[in-house]
Each structure stands twice: as C-alpha cells, then as structure tokens.
Amino acid sequence: MLATILVLVAALLHAAWNTLIKFSAERLLVVACMDSVALLFVALMLPFVALPPLDMWPWILASAAFELLYRYLLIQAYRVGDLGLVYPLMRGLSPLVVLALTLIFAGEVLTAQQIFGILLIPFGMVCLLWQGGGGVRLPWSMLPVVALIGLCIGCYTFIDGQALRRWSHPLDYLVWVTVLSAWSFPLLALVRKRPAFMLFWREQWRLGLAVGFCVLFSYALVLWAMQLGSIAEAAALREISVILVVLFGMRYLKEPFGRPRLLACGLVLIGMLVMKF
C-alpha cells in the first residue's frame, strides 16, 4: 500500500514538472534551472551519504547516461508536439520496456492479471496516433524520438530498480546519479546562453525551484517505491501521470481533449485497476 501511495505522489510531481517545462518557451533554460536546483541539493547531501561500492558504479553511470539522453530528447519533442500527445506516447512505452526487461533479466514473478494490466497502458497510448490524439498531429519524423524517450525511461527505471536490489540505499543512490546527470544542462546554458540563463534565473527563479523540487522528489519517491515492491508494477502505476498531464494540458495549455485522448486515459486507468484489484 505504501509503495502505491509513493508512486501516485511521484506521478503527480512528474506530471507537474513536465507541464511547467512545456509551458515555458525557453525549455533548455528551464531544464538547466531544474538541474541546478537538484545539483545544489545533492551537493549539500554529499557529506552525509555513503560512497557506492565499486560494483555499483556501472549501474549509476548507465542510469545517469539514460537520464541525460532522456532530457535532451524531451526538449526536442516538446518543441513540436502537444503535452497531451508527446507525454502519453513516451510514458506509455516505458512500462512495456520495463516489463520485458524484468521478465527476461530479473526473473521477477508477475501474475497474469498484473501483466495484462501493464499491457493495457501501451495499448492505450496507440489510440493517440489516431487523428493526432484529437489535436494537432505529431510529425511522423518525431515518432522515433518519442519512442526513444520511452526506451530511455524504461531502461533507467529498470536499471534503478535492479541497482537498489543490490545496494539498498535509495537516498545515496539518488544523490550519486544526480551528481552525474544534473551538471551538463546548467553548463550548456552557461556556455551557450549565459546572459539569457542568468536573466531567466533572476526573473523566474520560482519556476526553477518548483521544477527542481518536483523532479528530484518524484525520482526519490519512485526509488523508494521500487525498493518496497515490484519494479514493473511501480513503473506501470506511475503512468497515472498520463491522465494528469492530459488534464493539465487541457486546463493550462488550452490543448484539446478529443476521443483518442479520452480512450487512452480510460485504458490507463483500467490497466491500473486490473493490476491492483
């Protein structure tokens, strides 16, 4: 029960920071501010966490690499697609990736009911390819990018879950992954857009703090939840954020809510109910 609550709160925070990034016209600067906040927080935590064992570093490096690629691709995708279309497509693929990796490599035992519930989520996302999900169509050239984002999410989620099975220190793990993954975008913003980055930080520091808080704590809650229960189920339950993002996009970004998005949200919700009951 605790793991479910943690994942649902994490989903709310994840939906919030993605909405804030999409809402801003300067997405690189928002991500740079977000990572600056996260980096500052974990830098303060470094004296209080343990140094990972040597056999943990490949897991930490791999997770950080997928996180970096995910952020870069996310910025590209949000430039051309609706929040309520891009986000569900990329998030809908990740439970399928985690499920496949878990069954093949981790030997985790899932019931047929759990597997069926997980599979309903990516099938729901397929509905969004119909008539542009009820809104503006995503260019076909961006579909491989969105699919790659989903692959990245699934891979780092699986890696994180397996790493925590081997080193049961979620806070320490979070700190070291963030140290490795959160420096590149602030550095890029300072090198390429220094005046704009400094101005953005002075004028919209509240946005930077909000996004930084949401991304760091949503990640922390998911790590905690995966340590308590099934990795594949946690990854699937987190996709409640799909429903939240579609609603946020409709409310704050004035995006349409057509039948395909309604059907996709319905299948996500049914999949989660099937998994849990």
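Residues numbered from 1 in each chain as written. Predicted model: local features only at pLDDT ≥ 70, side-chain atom pairs only at ≥ 80, totals over all residues. Heavy atoms only, no water.

Caption draft 1: Inspection of the overall build of the protein at higher detail. In terms of regular secondary structure, the protein is built from 13 helices and 0 strands. Secondary structure of the protein in N-to-C order comes out as α-α-α-α-α-α-α-α-α-α-α-α-α. Here the C-alpha radius of gyration of the protein, 18 Å, is about what a compact globule of 277 residues would show, namely 19 Å. The buried share of the protein, reckoned over its 277 residues, is 56%. (Helix = DSSP H or I, 4+ residues; strand = E, 2+ residues; numbered from the N terminus. Rg over C-alpha atoms; globule rule 2.2 N^0.38 Å. Buried < 20%, exposed > 50% of the residue type's maximum accessible area, 1.4 Å probe, protein only.)

Caption draft 2: A look at the UniProt feature "transmembrane region" (unreviewed entry) in the protein. Taking the numbering used here, the UniProt-annotated feature "transmembrane region" (unreviewed entry) corresponds to residues 28-49, 56-73, 85-106, 115-132, 138-159, 171-192, 204-224 and 259-275. Annotated as 100% helix and 0% strand, the span residues 85-106 places its first and last C-alpha atoms 31 Å apart. The annotated region residues 259-275 carries 100% helix and 0% strand content, and the separation between its end C-alpha atoms amounts to 24 Å. (UniProt positions renumbered as here; feature names shortened; annotations may be inferred.)

Caption draft 3: Quick look at the packing of aromatic side chains. For the structure shown, the criterion picks out 4 aromatic pairs. Taken together, a centroid distance of 6.1 Å and an interplanar angle of 55° make the contact between phenylalanine 41 and phenylalanine 217 tilted. In this pair, phenylalanine 41 sits in helix 2 (residues 27-45) while phenylalanine 217 sits in helix 10 (residues 205-228), placing the two residues 176 residues apart along the sequence. Centroid distance tyrosine 70 to tyrosine 156: 5.8 Å. Interplanar angle 55°. Geometry classified as tilted. You can see tyrosine 70 sitting in helix 3 (residues 57-78) and its partner tyrosine 156 sitting in helix 6 (residues 143-166), a full 86 residues away along the chain. (Phe/Tyr/Trp six-rings, centres within 6.5 Å; stacked < 30°, edge-to-face > 60°.)

Caption draft 4: Highlighting the side chain of aspartate 160. With respect to the secondary-structure elements, aspartate 160 resides in helix 6. Since its relative accessible area comes to 1%, aspartate 160 is described here as buried. The residues contacting aspartate 160, other than those within four sequence positions of it, are Ser63, Tyr173, Tyr219, Leu223 and Met226. (Contact = heavy atoms within 4.5 Å.)

Caption draft 5: Here's a closer look at the state of the cysteines. Enumeration according to the criterion identifies 0 disulfides in this entry. Just so you know, cysteine 33 is unpaired, no disulfide at all, and the nearest cysteine sulfur is the one on cysteine 214, 14 Å from it. Relative accessible area serves as the criterion here: at 0%, cysteine 33 is assigned to the buried category. The cysteine cysteine 152 is free of any disulfide, with cysteine 155 supplying the nearest cysteine sulfur at 6.8 Å. (Disulfide = S-S within 2.5 Å.)

Caption draft 6: Summary view of helix 7 (residues 170-181). The end-to-end C-alpha distance of helix 7 is 16 Å, a good match for the 16 Å that 12 residues give at a rise of 1.5 Å each. Turning to helix 7, its buried residues are Asp172, Tyr173, Leu174, Val175, Trp176, Val177, Thr178 and Ser181. Against the buried residues of helix 7 lie helix 2, helix 3, helix 6, helix 8 (184-192) and helix 10. (Expected span 1.5 Å × (residues − 1).)

Caption draft 7: Region of the structure containing the environment of alanine 3. Position of alanine 3 among the secondary structure elements: in helix 1 (residues 2-23). Residues alanine 3 and leucine 151 lie 148 residues apart in sequence; the distance between their C-alpha atoms is 23 Å. With residues near it in sequence (within four places) discarded, alanine 3 still touches Ala225 and Leu228.

Caption draft 8: Focus on the pattern of salt bridges. Going through the model one piece at a time under the given rule, you end up with 3 salt bridges. Ionic pairing is found between glutamate 26 and lysine 193, a salt bridge with its closest N-O pair at 3.7 Å. Pair noted here: glutamate 26 is in the loop between helix 1 and helix 2 and lysine 193 is in the loop between helix 8 and helix 9 (194-203), with a separation of 167 residues, a long-range link. The closest approach of N and O atoms between glutamate 67 and arginine 71, which form a salt bridge, is 2.8 Å. With glutamate 67 and arginine 71 both in helix 3 and 4 residues apart, the pair spans about one turn of that helix. One exposure class covers both glutamate 67 and arginine 71, and it is buried. (Salt bridge = Lys/Arg side-chain N within 4 Å of Asp/Glu carboxyl O.)

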